[in-house]
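Here is what each chain is made of, one letter per residue.
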Amino acid sequence: MLINVHVTANAKEASLTKLDENNFDARVDKRAEGGEANRRLIEILSRHFEVPKSKIRITKGIKARDKVVEVIV
């Protein structure tokens, strides 16, 4: 499954909001340096979809706020 995620890095709290079937808004409590925010995003999505982190990968937008993420369920 492919989903679109808009990410806000360096937020006070981590959260994930489902906007519709394939669009999410994520707030990540890590800085966007050295891939920290991307790793934290994968942790948050892993908990939400109840799949291992190895089943989630960012396919587009690795250095952008708007990302396309593949979740293998």
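Everything numeric in this text was worked out from a predicted model, so none of it was measured.

Moving on, we get to the sheet that holds strand β2 (residues 15–20). Overall, mixed pairing links the 5 strands, which are arranged β2-β3-β1-β5-β4 in an open sheet. This sheet does not close on itself; its edge strands, each paired only once, are β2 and β4 (56–60). The sheet shows a mean angle of 35° between the axes of neighbouring strands, direction not considered. For β4 and strand β5 (residues 66–71), the ladder comprises 4 bridges, and the chain directions are antiparallel. Each bridged residue has a counterpart across the sheet, and for Lys 60 the counterpart in β5 is Val 68. Along the sheet, helix α1 (residues 36–49) makes contact with β1 (2–8), β2, β3 (23–27), β4 and β5, crossing β4 at roughly 125°.

Taken as a whole and judged by the stated rule, the model has 1 aromatic pair. Relative to Phe 49, the ring of Phe 24 lies with its centre 5.8 Å away and its plane at 70°, an arrangement referred to as edge-to-face. Highlighted residues: Phe 24 in strand β3 and Phe 49 in helix α1, separated in sequence by 25 residues. Taking relative accessible area as the criterion, Phe 49 reaches 18% and is therefore assigned buried.

The rules behind each value
- Residues numbered from 1 in each chain as written.
- Predicted model: local features only at pLDDT ≥ 70, side-chain atom pairs only at ≥ 80, totals over all residues.
- Heavy atoms only, no water.
- Pairing = 2+ DSSP bridges.
- Helix = DSSP H or I, 4+ residues; strand = E, 2+ residues; numbered from the N terminus.
- Axes fitted to C-alpha atoms, helices over the stretch in contact; angles between N-to-C directions.
- Contact = heavy atoms within 4.5 Å.
- Phe/Tyr/Trp six-rings, centres within 6.5 Å; stacked < 30°, edge-to-face > 60°.
- Buried < 20%, exposed > 50% of the residue type's maximum accessible area, 1.4 Å probe, protein only.

In short, shape yes, function no, at least from these values alone.
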